[in-house]
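Architecture at a glance
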Amino acid sequence: MIAPELLLTPPQAKTGDFYTIATLGSHSALQILKGARDEGFRTLAIANREAERLYRSYAFVDEVIAIDQYSDFMSLVPELETRKVIIVPHGSFVAYLSLEDHKQMRIPYFGNKAVLDWESSRELQRQWLTRAGLRIPRQFRTGAEIDRPVIVKLYGAQGGKGYMFVRDAHDFEQRAGKLARQNYILQEYIIGVPAYIHYFYSSLTGKLEIMSMDRRYETNVDSLGRIPAAAQEGMDVEPSYVVVGNAPLVLRESMLAHAYRMGEDVVRASQELCPPKGLFGAFCIETIITPDTQFYVMEISARIVAGTNPFIDGSPYSYLNYSEPMSTGRRIAREIKNALLSNNLPAVLDDSSRLR
Ligand code: ATP
């Protein structure tokens, strides 16, 4: 461990110059690579043909390797393993590569791959959140059990695509035909406002930080309130939850302590489930807050989320901890740099990482 106060001053050392931080050109790659450059690292984007020119257009991207499709990433692994590269994964990176591919790679990897197993299964995720003592929506095993409004969530859906709001058991029975041959869960629909809280947990200092928060802008559920309920009657409008963007959010300060504790609880439970390192680095707890100010947790993402993108220049929360613009992407690079400076790089990498 190194003293937390040491980490508050940006280290001017040149350590980062020797390493390249790499990620896939999508999701939050701009933020990750800009942050890496700001901390003195070389940067590499692995982009598909369509995104290649975009990433080349930024001065903070030193190198772009173009591939036909993101699933071809594994063909680059042997080359990347011979270089001093550190991979920073994001949501799309995880979506494009299988769990097996992740585990096979020996490229130094920021984060703990063991957490991926707990995150990628909805069932294991529930166990994790329950162990952390967080409030989660009820789940129903069959349509007959439904006794309140539910949201039908398809497995592997991205950004809420294909989700269905169901009013009661009868409604489900009538519409279950649409779900034939698909895997889904039936989750209690929580009526409240969504809030996505972005955290960073440092395995070097043992300190948790709230980095920022966002709310998603979802079509069409965020626009239904613009049409009076009476006018909607008979219109056959169904709510959908397709994410089109993210908007910054700050929480009432009286609710902040609870948000902070949820982050601590998730980290503690992860250390019990995947000892000794557990979850570290960036993560996000996706909540819905009800009128009696209860936080229900829908999901956890164990890495940087795209909801941090409105904060490339920092957020009100990161400003409280840093007197300079500190995005989550930059915070990751800062952590890697601090690990290098304290001769402790393995502490921030997955144990499969082969250092050169
Ligand atoms: P991602 O993987 O990108 O996080 P996803 O496909 O897993 O997205 P969720 O984040 O689970 O989707 O949910 C998408 C949206 O559906 C949420 O932002 C919220 O508006 C709504 N939603 C999800 N679960 C519930 C719930 N239990 N009650 C009410 N609304 C919900």
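A brief structural summary. (Residues numbered from 1 in each chain as written. Predicted model: local features only at pLDDT ≥ 70, side-chain atom pairs only at ≥ 80, totals over all residues. Heavy atoms only, no water.)

**Section: the side chain of Glu188**
Turning to its location among the elements, Glu188 is positioned in strand 8 (residues 184–188). One polar contact links Glu188 to Arg148, side chain to side chain, over a distance of 3.3 Å. In this structure, Glu188 is in contact with Pro137, Arg138, Phe140, Arg148, Pro149, Val150 and Ile151, ignoring residues within four places of it in sequence. (Helix = DSSP H or I, 4+ residues; strand = E, 2+ residues; numbered from the N terminus. Polar contact = N/O pair within 3.5 Å; in protein donor to acceptor, adjacent residues only side chain to side chain. Contact = heavy atoms within 4.5 Å.)

**With respect to the packing of helix 2 (residues 29–38) against helix 13 (residues 328–341)**
Running from N to C, helix 2 and helix 13 point in directions that differ by 45°, and their axes come no closer than 7 Å. Looking at the two axes, helix 2 sits oblique to helix 13. You can see that helix 2 and helix 13 cross each other, and the crossing is right-handed. Taken together, the residues of helix 13 that come into contact with helix 2 (itself represented by Gln31, Ile32, Gly35, Ala36 and Asp38) are Thr328, Gly329, Arg330 and Ala333. In the contact of helix 2 with helix 13, the residues fall into 3 nonpolar, 4 polar and 2 charged. (Axes fitted to C-alpha atoms, helices over the stretch in contact; angles between N-to-C directions. Parallel < 35°, antiparallel > 145°, perpendicular 65-115°, else oblique. Left-handed = near helix turned anticlockwise from the far one by under 90°. Nonpolar A, V, L, I, M, F, W, Y, C, P; charged D, E, K, R; others polar.)

**Structural notes on the environment of Tyr260**
As for its placement among the helices and strands, Tyr260 is situated in helix 11 (residues 253–273). When its relative accessible area of 29% is taken as the criterion, Tyr260 is described as partly exposed. Between the C-alpha atoms of Tyr260 and Ile210, which are 50 residues apart in sequence, the distance is 7.0 Å. Those residues in contact with Tyr260, other than ones at most four positions away along the chain, are Tyr199, Leu208 and Ile210. (Buried < 20%, exposed > 50% of the residue type's maximum accessible area, 1.4 Å probe, protein only.)

**Side note on the pattern of salt bridges**
Taken as a whole, this structure holds 28 salt bridges when the rule is applied. Among the salt bridges present, the one from Glu299 reaches Arg122, with a minimum N-O distance of 3.6 Å. A residue pair is termed long-range when its members are at least 10 positions apart, and Glu299 in strand 13 (residues 295–301) and Arg122 in helix 8 (residues 122–131) qualify at 177 residues. For Glu299, a relative accessible area of 22% corresponds to the partly exposed category. A salt bridge links Asp147 to Arg138; its shortest N-O distance comes to 3.8 Å. (Salt bridge = Lys/Arg side-chain N within 4 Å of Asp/Glu carboxyl O.)

**Looking at the sheet that holds strand 13**
Whenever strands of a sheet pair, they do so through backbone hydrogen bonds, lying parallel or antiparallel. One open sheet holds the 5 strands; their spatial order is 11-10-9-12-13, and the pairing between them is antiparallel. In the strand order of this sheet, the two ends are held by strand 11 (241–248) and strand 13, each with one partner. Strand-to-strand twist of the sheet, defined as the mean angle between neighbouring strand axes without regard to direction, takes the value 30°. Taken together, the 6 bridges between strand 9 (residues 193–201) and strand 10 (residues 208–220) define a ladder with antiparallel strand orientation. Pairing of His198 across the sheet is with Ser212, part of strand 10. (Pairing = 2+ DSSP bridges.)

**Structural notes on the packing of helix 8 against helix 11**
Close contact between helix 8 and helix 11 brings their axes to 8 Å; oriented N to C, the two are set at 120°. In terms of axis orientation, helix 8 runs oblique to helix 11. Remark: the crossing between helix 8 and helix 11 carries right-handed chirality. Residue-level contacts link Trp128, Leu129 and Arg131 of helix 8 to Val266, Arg268, Ala269, Ser270, Glu272 and Leu273 of helix 11.

**Some words on the site of the ligand**
The environment of the ligand is formed by 20 residues, the closest being Gly160, Ile190, Tyr196, Glu218 and Glu299. Within the backbone of Glu188, an N or O atom sits 3.0 Å from a nitrogen atom of the ligand. When the free accessible area of the ligand is taken as 620 Å², the share hidden by the protein chains comes to 92%. Looking at the shell around the ligand, the elements with two or more residues in it are strand 6 (150–154), strand 8, strand 10, strand 12 (281–289) and strand 13. For the shell around the ligand, the residue count by class is 10 nonpolar, 4 polar and 6 charged. (Near = heavy atom within 4 Å. Areas by Shrake-Rupley, 256 points an atom, 1.4 Å probe, with all protein chains shown as cover.)

**Concerning the pairing of strand 9**
For strand 9, a buried count of 7 out of 9 residues is recorded, marking the element as mostly surrounded by other parts of the structure. Looking at chain direction, strand 9 and strand 12 are connected through 9 bridges and run antiparallel. In the strand pairing of strand 12, Tyr199 is matched with Phe283. Taken together, strand 9 and the strand that follows it, strand 10, pair antiparallel across an intervening segment of 6 residues, in which Gly206 is found at a positive phi of about 75°.

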